[in-house]
Amino acid sequence: MIDLHLHLDGSLSINTVINLAKIQGISLPSEKPEELKTYLAAGEKTSSLNEYLRCFDLPLKLLQSETAVEYAVYELIRELDSQGIIYSEIRFAPQLHTENGCTQQKIIKAAIKGVERGERDFNTRSNLILCDMRGGSSEANILTVNLASEFLGGGVCAVDLAGAEAVYSTSMYRELFELAAKLSLPFTIHAGEAAGADSVRTAVDFGARRIGHGVAAVEDDGLLKKIKDYGISIECCLSSNLQTRAVRNLKQHPIKRFLQLGINATINTDNMTVSDTTIKRELDLFTEIMPEFPKERLLMNSVNSAFINENEKRRLCSLIALKP
Ligand SMILES: [Zn+2]
């Protein structure tokens, strides 16, 4: 299995949260795992992306040092390996981890260390995607893009744009992605999750090679054709889309349409803890939508969409016993 859309802060296990709090002397709203889960998981209570995003407050409070970030990445990789994931792209926004004065650069280095240590100890590979933030300062976002370029190929594989899409439109970030394109940085953009097809169209115009969620693209046939013709991938996250109300129910999820049109759509978790899910559970949900669609083809879509070179893709194919 492969997960290409997975946020570090939204995927801390309860044990990791408890340990991070203990190590750093930070008090938690509860010490009981079941109670703690209610603070970390969106459940049925959310009614929008903005509400869903509130579940990240506690994890982010615990991830404000290099040691904490390295530990969290390492523990996430342990979890991914235990779930049988052979390759993942873990994303986080370095600028959200600088509240205690740590620099973005140090945070990125710590996350890379976590990946390297995790890859030594477990049988899974990972790369990092650095998120720019909607609503973040332009200095911080530009710095993230420049640092992604500095670490590209050394643990970092791409940049992303995350955050409150309904408040900060994609079109506000044109200069940022012009810079990413100038630096030959691959990028994905969260779009069409809490805003309409315009948001996806703008991300496509910027040159995004992948779209996070992309639900609203289904409203526009011309846009769908462009996505297909340009070979752009869509990172689908079913549970998350239900929780943020990006889709009303599973049956209405546009992944069916995407795949029927031959678009490279993939299945991902988004946030294992906030969405209380695993990649296996997401694949099971997908089976409810399209029981006839071969899982091997879905997996192949993930291989083809990954921000890795052709050799790495061939390695993944041989691991999953598929022909490249
Ligand atoms: Zn996401």
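Residues numbered from 1 in each chain as written. Predicted model: local features only at pLDDT ≥ 70, side-chain atom pairs only at ≥ 80, totals over all residues. Heavy atoms only, no water.

> Hey, could you run me through the packing of aromatic side chains in this one?
Each aromatic ring pair is characterised by the separation of its centres together with the angle its planes make. Under the definition given, this model contains five aromatic pairs. Taking the centre distance of 5.9 Å and the plane angle of 90° together, the rings of phenylalanine 286 and phenylalanine 293 count as edge-to-face. Here the two residues phenylalanine 286 and phenylalanine 293 agree in accessibility, since each one is buried. Taken together, the ring pairs connect Phe177, Phe187 and Phe206 into an aromatic cluster. (Phe/Tyr/Trp six-rings, centres within 6.5 Å; stacked < 30°, edge-to-face > 60°. Buried < 20%, exposed > 50% of the residue type's maximum accessible area, 1.4 Å probe, protein only.)

> Explain the coordination of the zinc ion to me, please; I cannot follow it from the model alone.
Four donors placed tetrahedrally about a metal ideally form angles of 109.5 degrees, and six donors placed octahedrally ideally form angles of 90 or 180 degrees. In the first shell of the zinc ion, the protein supplies His5 (NE2), His7 (NE2), His190 (NE2) and Asp270 (OD), at 2.1 to 2.4 Å from the metal. Geometry at the zinc ion is irregular, judged from its four donor atoms and the angles of 83 to 169° they form at the metal. Mapping the donors of the zinc ion onto the primary sequence gives the spacing H-x1-H-x182-H-x79-D. With histidine 7 in strand β1 (residues 2-7) and histidine 190 in strand β5 (residues 188-191), the pair connects residues that are 183 residues apart, well separated along the chain. Histidine 190 gets classed as buried once you look at its relative accessible area, which sits at 5%. (Donors = N, O, S within 2.8 Å, 3.2 Å for Na, K, Ca; no water. Tetrahedral: all angles 85-135°; square planar, octahedral: opposite > 155°, others 65-115°. Helix = DSSP H or I, 4+ residues; strand = E, 2+ residues; numbered from the N terminus.)

> How do you make sense of the sheet that holds β5 when you look at a structure like this?
Each strand in a sheet pairs with another by means of backbone hydrogen bonds, the pair being arranged parallel or else antiparallel. Pairing is parallel in the open sheet, where four strands are placed in the order β5-β6-β7-β8. One side of each edge strand has no neighbouring strand; the edge strands of this open sheet are β5 and β8 (264-267). Neighbouring strand axes in the sheet, compared pairwise and without regard to direction, differ in orientation by 25° on average. Across four bridges, the pairing between strand β7 (residues 233-236) and β8 is parallel. Across the sheet, residue serine 233 finds its bridge partner in β8, namely asparagine 264. Against the sheet, helix α9 (residues 197-206) engages β5 and β6 (210-213), with an angle of about 170° to β5. (Pairing = 2+ DSSP bridges. Axes fitted to C-alpha atoms, helices over the stretch in contact; angles between N-to-C directions. Contact = heavy atoms within 4.5 Å.)

> Quick question: what am I supposed to make of the layout of surface pockets here?
Roughly 350 Å³ of volume is contained in the largest pocket. Of all the secondary structure elements, the ones that give two or more residues to the lining of the largest pocket are α3 (49-52), α4 (57-62) and β3 (125-133). Here the second largest pocket defines a volume of roughly 190 Å³. Around the second largest pocket, the lining residues are Ser11, Leu12, Ser13, Ile14, Lys37, Glu79, Gln83, Met272, Thr273, Asp276, Thr277 and Thr278. Split by residue class, the lining of the second largest pocket holds three nonpolar, six polar and three charged. (1 Å grid on protein atoms, 1.4 Å probe; cavity = no way out; pocket = protein on both sides within 12 Å on 5 of 7 lines; lining within 4 Å. Points joined across faces, edges and corners; volume = space filled by probe spheres on them. Nonpolar A, V, L, I, M, F, W, Y, C, P; charged D, E, K, R; others polar.)

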